[in-house]
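# Architecture and fold: a report
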Amino acid sequence: MARMVHGIMEVFQQEHEGVRWVVMGDDDSIFFLENIVDVLAKYDHNKYYYFGAQSEYILSNFWFSFHQGFGGAGFILSYPLAKALAEDMESCLRRYPFLRSADLITMTCIVDLGVSFSPLKGLHQIDLRGDISGLLSSHPKVPLMSLHHFDAIAPIFPSMDRTQSTKHLMKAAKLDQSRMLQQTICHHRPSNWTFSVSWGYSVHIYEKIMPRSYLINPIETFETWTHKPENPPYYMFNTRSSAKDSCETPHVFFLKSIGETWNKNEIMATYSRSSVRRLPGCLIGGNHPANYVDKIQVYSPRTKRIEMDRCECCDIIHTTGSNKAKVKLRECFTNEKIA
């Protein structure tokens, strides 16, 4: 572990010209470089910054530290901080020979320099097991920067293996990283349906009007990293049950294909149904079943979204009885509510 931490000093000593940031990460992680660059551009690289991600599993943070950046998600040091850390590296390693985690050693050495940890929500340790589609379908409203532990989770697209799933996700990333997994929610009032779009990954249809304040909580499709504690909390975020309720359980669609439209002004992503939901329709008055919908086309502007002070809004185009629905993403109107 000390050898891994020592690598920070070795990278610094290579003296690459024009370096502003040093990023450390694991080889079983996916990094979204354009988003990392765009996020870091908002900060002054001449100051001391230590960015990273906490673990999703609450006990991992308890066992190691709530104040550290976990290495799988990747942690980021501004150049002046990396320089100060490199100059103090040998001394710090001698001070803490009893520490057995590279992430914890790094954090401890940085804190000794008077710098605190700053979490970035777009970095993901993914200390989870099994099906993480619930998490990816309710990504926080920040640019996606990393996904760790792809060898420990189920393939993120149910019809593909891990390698195929990764390549499929990156097809969307090559067209527009800024919208990757960004959750956009809109309603089709004639049917009382709610659409939740996780750009480049999935679309959910709920058979009732659902508020965004509820849908930002991931469906708990996943399991804890190690044993599940007897009592909650289990995670560093709120979740919602995956119980089979006709009004709460969505129809799930995953990305099938993606590309530019003929005029190159938009990106069109097609999502196909994952499986038959096998539940009766939601019995709330005025609602309509969505079992017959098997394809959703999502159109988004070709322009990158850098400023994310609020999410995008969207319009639904669907004729009753049609097996296809269209979703057009757009900027929200002033004071437009997503409820």
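All values reported here derive from a predicted model rather than from experimental measurement.

## Notes on the overall build of the protein
Along its length, the protein carries eight helices and 16 strands. For the protein, the C-alpha radius of gyration of 22 Å lies close to 20 Å, the compact-globule estimate for 339 residues. With the C-alpha coordinates aligned to their principal axes, the bounding extent of the protein is approximately 70 × 50 × 40 Å. The 339 residues of the protein split such that 53% are buried. Summed over all atoms, the accessible surface of the protein reaches about 16200 Å², with 53% contributed by carbon and sulfur. In the protein, the 37 positive side-chain charges and the 35 negative ones have mean positions that sit 8 Å from each other.

## Comments concerning empty space enclosed by the protein
Think of a ball as big as a water molecule: rolled over the atoms, this probe shows where empty space is left. Inspection of the entire model under this criterion finds two cavities of 30 Å³ or more. Surrounding the largest cavity, Lys141, Ser178, Arg179, Gln182, Gln183, Thr184, Trp199, Arg305, Met308, Cys311, Glu312 and Leu329 form its lining. Residue composition of the lining of the largest cavity, by class: four nonpolar, four polar and four charged. When its volume is computed, the second largest cavity comes out at roughly 60 Å³.

## A look at helix 1 (residues 2-13)
If you check helix 1, its first and last C-alpha atoms are 17 Å apart, about what twelve residues at 1.5 Å a residue would give, namely 16 Å. Residues of helix 1 that are buried: Val5, His6, Gly7, Ile8, Met9 and Phe12.

## A look at the pairing of strand 13 (residues 266-273)
Note: strand 12 (residues 251-260) against strand 13, seven bridges, orientation antiparallel. Looking at the pairing, Ile258 lines up with Ala269 of strand 13. Taken together, strand 12 and the strand that follows it, strand 13, pair antiparallel across an intervening segment of five residues, in which Lys264 is found at a positive phi of about 65 degrees. Inspection of the sheet shows strand 13 paired to strand 14 (residues 295-301) by seven bridges, in the antiparallel sense. Each residue of the ladder has a partner; that of Glu266, found in strand 14, is Pro301.

## A closer look at the pattern of salt bridges
Opposite charge on two side chains makes pairing possible when the charged atoms of those side chains draw close. Evaluated as defined, the whole model comprises 16 salt bridges. Put simply, Arg179 and Asp176 hold a salt bridge, and the shortest N to O gap is 2.7 Å. Pair check on accessibility: Arg179 and Asp176 agree, each one buried. The structure contains a network of salt bridges with shared partners spanning Asp176, Arg179, Arg305, Glu312 and Glu331.

## Some details on the state of the cysteines
In this structure the tally under the stated criterion is four disulfides. The partner cysteine of Cys92 in its disulfide is Cys109, sulfur to sulfur 1.8 Å. Taking the torsion about the S-S bond as the criterion, the Cys92 to Cys109 disulfide, at about -95 degrees, is left-handed. Remark: Cys109 occurs in helix 5 (residues 102-111) and Cys92 occurs in helix 4 (residues 79-95); sequence separation between them is 17 residues.

## Here we look at the side chain of Asp103
One can find Asp103 in helix 5. One polar contact links the side chain of Asp103 to the main-chain amide nitrogen of Gly71, over a distance of 3.1 Å.

## Some details on the packing of helix 4 against helix 5
Their axes nearest at 9 Å, the elements helix 4 and helix 5 cross at an angle of 105 degrees. In this view, helix 4 runs roughly perpendicular relative to helix 5, as classed from their interaxial angle. Every residue of helix 5 that contacts helix 4 at Leu81, Leu85, Cys92 and Leu93 is listed here: Ile105, Thr106, Cys109 and Ile110. A per-class count over the contact of helix 4 with helix 5 returns seven nonpolar, one polar and no charged.

## Overview of the sheet that holds strand 14
Pairing within the open sheet is mixed, and its eight strands lie in the order 8-9-10-12-13-14-16-15. Two strands in the sheet have a free side with no partner beyond their single neighbour: strand 8 (183-188) and strand 15 (313-317). The sheet shows a mean angle of 25 degrees between the axes of neighbouring strands, taken without regard to direction. Packing of helix 7 (residues 162-175) onto the sheet brings it into contact with strand 12 and strand 13, and relative to strand 12 it is tilted by some 50 degrees.

## A look at a nonpolar patch on the surface
A cluster of nonpolar residues, Phe62, Trp63, Phe64, Phe66 and Met236, forms a patch on the protein surface that exposes about 520 Å² of accessible area. Mapped onto the elements, Trp63 comes out in helix 3 (residues 58-63). The partly exposed category is assigned to Trp63, whose relative accessible area is 44%.

The rules behind the values
Residues numbered from 1 in each chain as written. Predicted model: local features only at pLDDT ≥ 70, side-chain atom pairs only at ≥ 80, totals over all residues. Heavy atoms only, no water. Helix = DSSP H or I, 4+ residues; strand = E, 2+ residues; numbered from the N terminus. Rg over C-alpha atoms; globule rule 2.2 N^0.38 Å. Buried < 20%, exposed > 50% of the residue type's maximum accessible area, 1.4 Å probe, protein only. Areas by Shrake-Rupley, 256 points an atom, 1.4 Å probe, with all protein chains shown as cover. Lys, Arg positive; Asp, Glu negative; His and termini not counted. Charge placed at Lys NZ, Arg CZ, Asp CG, Glu CD. 1 Å grid on protein atoms, 1.4 Å probe; cavity = no way out; pocket = protein on both sides within 12 Å on 5 of 7 lines; lining within 4 Å. Points joined across faces, edges and corners; volume = space filled by probe spheres on them. Nonpolar A, V, L, I, M, F, W, Y, C, P; charged D, E, K, R; others polar. Expected span 1.5 Å × (residues − 1). Pairing = 2+ DSSP bridges. Salt bridge = Lys/Arg side-chain N within 4 Å of Asp/Glu carboxyl O. Disulfide = S-S within 2.5 Å. Polar contact = N/O pair within 3.5 Å; in protein donor to acceptor, adjacent residues only side chain to side chain. Axes fitted to C-alpha atoms, helices over the stretch in contact; angles between N-to-C directions. Parallel < 35°, antiparallel > 145°, perpendicular 65-115°, else oblique. Contact = heavy atoms within 4.5 Å. Patch = residues over 30% accessible without salt bridge, like charges linked within 9 Å, V, L, I, M, F, W, Y side chains within 5 Å.

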